[in-house]
Amino acid sequence: MRPVSTYSIVARDPETGLLGVAVQSHWFSVGSIVSWAESGVGAVATQSFVEPSYGPLGLFLMRSGKSSSEALRALIEIDPMAEYRQVAMVDSSGNVAAHTGSLCIPEAGHITGEGYSVQANLMLSSEVWPAMADAYEKAEGDLPSRLLAALDAAERAGGDIRGRQSAAILVVSGKVIGAPWKGVLVDLRVEDHPSPIEELRRLLRLHKAYSHSNRGDELMTAGKVKEALKEYEEASKLAPEIIELPFWQAVTLAGSENTEKALPIFRKVFTEEKRWIEVLRRLPKAQILKASIVEEILGKLGDEGLA
């Protein structure tokens, strides 16, 4: 039995119904055992001398109609090592329950608030979880941003006495969805990093950028070119270092008979990295673009020495 000592937050956004859990620890791959969530059901953080089964079993009980308090109480009652556990749950109605066993390594404790719980053990000081609660309540923005704000506050208050190593964030829809994988909105993990929260924030930024790009593709398919371009532009602003995002934006435009709008984007991409010219040439074989369109693009850009 090893102490997966950490700090975490589980929460339900009252406006959107989104459910989430975020965690940081001086332990490898903390997200693989601490953070659990299911769309329309709830979210769970299980830590300290961790018993991972609190995650799937807690979700099962909440899915079966139990509140977070009922689910947590049922699992604690059958756990012979409950005093070593630290667990928090939030259900789809925003009910919150938390448990910090008396044998968790100090400093350890939790605070529950409206639709959320913060908990921590083996911290540098007892100021960590109150700082998390305060930061979450004051934070603005979407649920992932507010969860990260709580993690940031924990670090500022001293964090894990051993340091930092891994972090994770998991956010799901508040609605029951027949295909569970469609309900997962954010699922990011930093398994081993000197600054895991900073890296998690970078990954979240990229996640948002790709989400905007995907939304742009959907709008283009629906013939909403103007709206799609706004989504593509937002994606590029969020992740200007990812050259692939504008490339596929240009491909989508060209395939929707907007070749002239695609040309300047292709020009910028090819100027930065010429290997994307060869990627473009391979698209007709996969029936993504017509060969005639690719020839037109390369022909118009050829005079600039890009092809």
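The paragraphs below set out a description of the structure included in this document. None of the values given here were measured: they were computed from a predicted structure.

### With respect to the sheet that holds strand E10 (residues 166-172)
Taken in spatial order, the 6 strands of this open sheet run E8-E9-E2-E3-E10-E11, and their pairing is antiparallel. Strand pairing shows two members of the sheet lacking a second neighbour, strand E8 (109-113) and strand E11 (184-190), which therefore form its edges. Averaged over all pairs of adjacent strands, the angle between their axes in this sheet comes to 5 degrees, without regard to strand direction. Of the pairings in the sheet, the one linking E10 to E11 comprises 6 bridges and is antiparallel in character. Each residue of the ladder has a partner; that of Val-172, found in E11, is Val-184. Across the sheet, helix H5 (residues 196-221) touches strand E2 (6-12), strand E3 (19-25), E10 and E11, and the angle it forms with E11 is around 145 degrees.

### Let's talk about the pattern of salt bridges
Applying the stated criterion across every chain, the model contains 16 salt bridges. Measuring nitrogen to oxygen at the nearest pair gives 3.3 Å for the salt bridge that ties Asp-134 to Lys-138. Of the two residues, Asp-134 and Lys-138 are both situated in helix H3 (residues 128-138); the distance of 4 residues between them amounts to about one turn of the helix. Residue class for Lys-138 comes out exposed when judged on its relative accessible area of 63%. Through salt bridges with shared partners, a single network forms among Glu-260, Glu-296 and Lys-300.

### Some thoughts on the side chain of Gln-47
Relative to the helices and strands, Gln-47 resides in strand E5 (residues 42-49). Of the residues examined, Gln-47 reaches a relative accessible area of 0% and is grouped as buried. Of note is the side chain of Gln-47, whose polar atom sits 2.7 Å from the side chain of Ser-8.

### Quick look at the packing of helix H6 (residues 225-238) against helix H7 (residues 244-255)
Think of two packed helices as two axes; the pair is described by the angle between the axes and how far apart they sit. Interhelical geometry of H6 versus H7 gives an angle of 165 degrees and a closest axis separation of 9 Å. Between H6 and H7, the angle falls in the class roughly antiparallel. Handedness of the H6/H7 crossing: left-handed. Of the residues in H7, those touching H6 at Val-225, Leu-229, Tyr-232, Ala-235 and Ser-236 are Leu-245, Pro-246, Gln-249, Thr-252 and Leu-253. Along the lines of polarity and charge, the residues of the contact of H6 with H7 split into 7 nonpolar, 3 polar and no charged.

### Focus: the pairing of E2
Where burial is concerned, most of E2 is hidden: 6 out of the 7 residues are buried. Where E2 meets E3, 7 bridges bridge the pair, whose relative direction is antiparallel. Its bridge partner being in E3, Ser-8 is matched across the sheet by Val-23. Where E2 folds back onto E3 in an antiparallel hairpin, the turn is made up of 6 residues, including Gly-17, whose phi is positive at roughly 80 degrees. Where E2 meets strand E9 (residues 116-120), 5 bridges bridge the pair, whose relative direction is antiparallel. Across the sheet, the residue bridging to Ile-9 is Val-118, located in E9.

### Re H3
Listed in full, the buried residues belonging to H3 are Val-128, Trp-129, Met-132, Ala-133, Ala-135 and Tyr-136. Packing partners of the buried residues in H3 comprise E2, E8, E9 and helix H4 (143-156).

### A short note on the packing of aromatic side chains
Tallying each qualifying case throughout the model produces 6 aromatic pairs. Centre to centre, the rings of Phe-49 and Tyr-84 are 5.2 Å apart; their planes meet at 85 degrees, and the pair counts as edge-to-face. Of this pair, Phe-49 sits in strand E5 while Tyr-84 sits in the loop between helix H2 (68-77) and strand E6 (85-91), placing them 35 residues apart in sequence. Aromatic pair Tyr-116 and Tyr-136: ring centres 5.0 Å apart, planes at 50 degrees, arrangement tilted. Of this pair, Tyr-116 sits in strand E9 while Tyr-136 is found in helix H3, placing the two residues 20 residues apart along the sequence. The residues Tyr-116 and Tyr-136 share a single accessibility class, namely buried.

The rules behind the values
Residues numbered from 1 in each chain as written. Predicted model: local features only at pLDDT ≥ 70, side-chain atom pairs only at ≥ 80, totals over all residues. Heavy atoms only, no water. Pairing = 2+ DSSP bridges. Helix = DSSP H or I, 4+ residues; strand = E, 2+ residues; numbered from the N terminus. Axes fitted to C-alpha atoms, helices over the stretch in contact; angles between N-to-C directions. Contact = heavy atoms within 4.5 Å. Salt bridge = Lys/Arg side-chain N within 4 Å of Asp/Glu carboxyl O. Buried < 20%, exposed > 50% of the residue type's maximum accessible area, 1.4 Å probe, protein only. Polar contact = N/O pair within 3.5 Å; in protein donor to acceptor, adjacent residues only side chain to side chain. Parallel < 35°, antiparallel > 145°, perpendicular 65-115°, else oblique. Left-handed = near helix turned anticlockwise from the far one by under 90°. Nonpolar A, V, L, I, M, F, W, Y, C, P; charged D, E, K, R; others polar. Phe/Tyr/Trp six-rings, centres within 6.5 Å; stacked < 30°, edge-to-face > 60°.

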